Amino acid sequence: MMYQYLNGENWRHIYIVGDLHGCRQLLDEQLLACRFDIDQDLLVAVGDLIDRGADSLGCLALLNEPWFRSVRGNHEEMALNAIGEGIHQQWLMNGGEWFYQLDGSRMIAAKHALNRCREMPLILHLLLDDKIVVVAHADYPATHYAWGAEVDSSAVVWSRSRIESLQKKQGAPIIGADAFYFGHTPLSTPLIAYNQHYIDTGAVFGNPLTVVQVQ
Ligand SMILES: [Mn+2]
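What you see is a predicted model; the values in this text were computed from it and never measured.

(A) Inspection of the nonpolar core at higher detail. Counting 33 residues, the largest nonpolar core has Leu 43, Leu 49, Trp 91, Trp 98 and Leu 114 as its most contacted members. Beyond its immediate sequence surroundings of up to four residues, Leu 114 is in contact with Ile 50, Leu 60, Ala 79, Leu 80, Ile 83, Trp 91, Trp 98 and Phe 99. Judged by nonpolar contacts, the second largest core, of 20 residues, contains Tyr 145, Phe 180, Leu 187 and Ala 193.

(B) Fine view of the sheet that holds strand S5 (residues 123-127). Read from one edge to the other, the open sheet built from six strands follows the order S1-S5-S6-S7-S9-S8, with strand pairing classed as mixed. Every other strand in the sheet has two partners, leaving strand S1 (3-7) and strand S8 (191-193) as the edge strands with one partner each. Pairs of neighbouring strands in the sheet enclose a mean axial angle of 20 degrees, with direction left out of account. Pairing analysis gives five bridges linking S5 to strand S6 (residues 132-136), with the strands arranged antiparallel. Considered in S6, the bridge of Ile 123 is made with Ala 136.

(C) Here's a closer look at the coordination of the manganese ion. In the first shell of the manganese ion, the protein supplies Asp 48 (OD), Asn 74 (OD1), His 137 (NE2) and His 184 (ND1), at 2.1 to 2.3 Å from the metal. Sequence spacing among the residues donating to the manganese ion works out to D-x25-N-x62-H-x46-H. With a gap of 110 residues between them, Asn 74 in helix H3 (residues 74-85) and His 184 in the loop between strand S7 (179-182) and S8 connect regions that are remote in the sequence. What makes Asn 74 buried here is its relative accessible area of 4%.

(D) Local environment of a negative patch on the surface. Together, Glu 9, Asp 129, Asp 130 and Asp 178 make up a region of like negative charge exposed at the surface. Mapped onto the secondary structure, Asp 178 falls in the loop between helix H8 (161-167) and S7.

(E) Representation of the sheet that holds strand S2 (residues 14-17) in the model. The four strands are arranged S4-S3-S2-S10 in an open sheet whose pairing can be described as mixed. Across the chains shown, the open sheet's two edge strands, defined by having one partner strand only, are strand S4 (68-70) and strand S10 (211-213). In this sheet, adjacent strand axes meet at a mean angle of 25 degrees when their direction is disregarded.

Calculation notes
- Residues numbered from 1 in each chain as written.
- Predicted model: local features only at pLDDT ≥ 70, side-chain atom pairs only at ≥ 80, totals over all residues.
- Heavy atoms only, no water.
- Core = buried A, V, L, I, M, F, W, Y, C linked by side-chain atoms within 4.5 Å.
- Buried < 20%, exposed > 50% of the residue type's maximum accessible area, 1.4 Å probe, protein only.
- Contact = heavy atoms within 4.5 Å.
- Pairing = 2+ DSSP bridges.
- Helix = DSSP H or I, 4+ residues; strand = E, 2+ residues; numbered from the N terminus.
- Axes fitted to C-alpha atoms, helices over the stretch in contact; angles between N-to-C directions.
- Donors = N, O, S within 2.8 Å, 3.2 Å for Na, K, Ca; no water.
- Patch = residues over 30% accessible without salt bridge, like charges linked within 9 Å, V, L, I, M, F, W, Y side chains within 5 Å.
- Areas by Shrake-Rupley, 256 points an atom, 1.4 Å probe, with all protein chains shown as cover.
- Salt bridge = Lys/Arg side-chain N within 4 Å of Asp/Glu carboxyl O.
- Lys, Arg positive; Asp, Glu negative; His and termini not counted.
- Charge placed at Lys NZ, Arg CZ, Asp CG, Glu CD.

Quick look at the structure:
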């Protein structure tokens, strides 16, 4: 599924969180700090829940929570390619080694948890009171956003071309939605340019985990 639609009316507050990469404890601390209420609020993640950090399984468990949604990151993509297609090398060399170190029953449990990543959309469309907010892992690779439009799925989870242009002070708004939230590229502080918000602040490298309230 490429696009998933969420109507903000169903929640009190909505927050978007940057790349978790196994930092479940840090997330739980942040949720406490913002008085997140699992019965009324929604947390949306920009993907890359797993790999590199201490608790990939704890972050995957979020996919079972009704108060949590996430788009698919390139790390989920690599994990799915490994468990589904037998393409192991890329994941093994990019943070997936925790999976290969698990023993039999734990590896089976992890495989089940990772299978939930198949249901993750590539793009989340949030309809809020007065605006449309779009969440994707790395980029929305088009000059115009449109619900359901075919875009290059590999660029959605991998591309750094837009942020590299923005870092060189070249860019433009993406027409068709009010705000875009992306992760994927660790930054010392969030980068906001035009209607684009890059919120991966490298939590797994010991930096703060960015959580932004959009409703
Ligand atoms: Mn990524």
